[in-house]
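So the chains spell out like this:
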Amino acid sequence: MTSTAQGHRSGFACFVGRPNAGKSTLTNALVGGKVAITSNKPQTTRHAIRGIVHRDDAQLVIVDTPGLHRPRTLLGQRLNDIVRETWSEVDVVGFCVPADQKVGPGDRFIAAELTKVARRTPVIGIITKTDLVSPDQVGAQLLALQEVMEFAELVPVSAVDGFQVTTLTDLLVARMPEGPQLYPGGELTDEPEATLVAELIREAALEGVRDELPHSIAVTIEEIVPREGRDDMVDVHALLYVERASQKGIVLGHRGERLKHVGSTARRQIEGLLGSRVYLDLHVKVAKDWQRDPKQLRRLGF
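Q: Where do I start with the side chain of Arg258 in this structure?
A: Locating Arg258 in the fold gives a position in helix α8 (residues 257–274). From its side chain, Arg258 meets the backbone oxygen of Glu207 in a polar contact 2.6 Å long.

Q: What is the right way to read the packing of aromatic side chains from this model?
A: Ring pairs (aromatic) are described by centroid distance and by the angle formed between their planes. The tally for this structure, following the rule as stated, stands at one aromatic pair. Ring centres 6.1 Å apart and planes at 35 degrees place the aromatic pair Phe95 and Phe151 in the tilted group. Of the two residues, Phe95 sits in strand β4 (residues 92–98) while Phe151 sits in the loop between α4 (135–148) and β6 (153–156), which places them 56 residues apart along the sequence. For the pair formed by Phe95 and Phe151, the shared burial category is buried.

Q: How do you make sense of the pattern of salt bridges when you look at a structure like this?
A: Between side chains of opposite charge, a pair can form when the charged atoms approach closely. All chains considered together, the criterion is met by nine salt bridges. The salt bridge involving Asp107 is made with Arg18; its shortest N-O contact spans 2.9 Å. One end of the pair, Asp107, is in helix α3 (residues 105–118); the other, Arg18, is in the loop between β1 (9–17) and α1 (23–31), with 89 residues separating them in the sequence. A relative accessible area of 19% means that Arg18 is categorised as buried. Close ionic contact of Glu271 with Arg267 constitutes a salt bridge, the shortest N to O distance being 3.8 Å. Here Arg267 and Glu271 lie together in helix α8, a separation of four residues that amounts to about one turn. On the accessibility criterion, Glu271 (23% relative accessible area) is partly exposed.

Rules behind the numbers
- Residues numbered from 1 in each chain as written.
- Predicted model: local features only at pLDDT ≥ 70, side-chain atom pairs only at ≥ 80, totals over all residues.
- Heavy atoms only, no water.
- Helix = DSSP H or I, 4+ residues; strand = E, 2+ residues; numbered from the N terminus.
- Polar contact = N/O pair within 3.5 Å; in protein donor to acceptor, adjacent residues only side chain to side chain.
- Phe/Tyr/Trp six-rings, centres within 6.5 Å; stacked < 30°, edge-to-face > 60°.
- Buried < 20%, exposed > 50% of the residue type's maximum accessible area, 1.4 Å probe, protein only.
- Salt bridge = Lys/Arg side-chain N within 4 Å of Asp/Glu carboxyl O.

Now the structure itself:
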């Protein structure tokens, strides 16, 4: 295939699945750069971050949605709305189910929702995390997933060791319409830098918090400005919001040690993203019960 518009395909795909089904890690593996945040906590992705796969014959734009779940809060409802909206706008949907967990009610709930769009949008079943189980278990999981709904294709992959990642890309590209590039070559995402910086801080803050904090952490970027008089330094001012004073203590840690660690982890990632040295000014604030308050949700970007 040539790289001219003739025969060149471009379009949108999205991955869906229960929280923690490996969607973000898979996005990063396909794109070849860190775009979506990955954490072993459910519900860490909050934005439809687009990763862009560039090939000579195609450009595939991946929309990474939050995990669909039965909502308990207003935030939960908004996240589900983002998911459904995204499904109706893409060319193909990848339904991710991890190889190491039984197909359960959560997967059936999503499959029932997907069946409604499957008439218009092809759905590819993806068994993720195949590196964690034996080939026999992968086979059994493929059979189990086949029972759940009718798929355009079924494919096992591992983002960790690269197993069939190219095959999956080929299957997604095959379902794109013919057309020119949608984004300039070399871009990995069309998300504004501030969104990605906020996500990196949030990811760093979630690491090591083993309790209920994931839902309760939000990050806003006050400003990203070049340091005056220096062209190799950027100042990032950020606020990390929790819902209760007790959670603030957990994020700060003993004598602020935990927040320091979060800051240095996030700073390294942000430096990689911005390609510059970074001074990160990070403060923790309490926004009482922000997940249930429409006004605060708006202010925090939901």
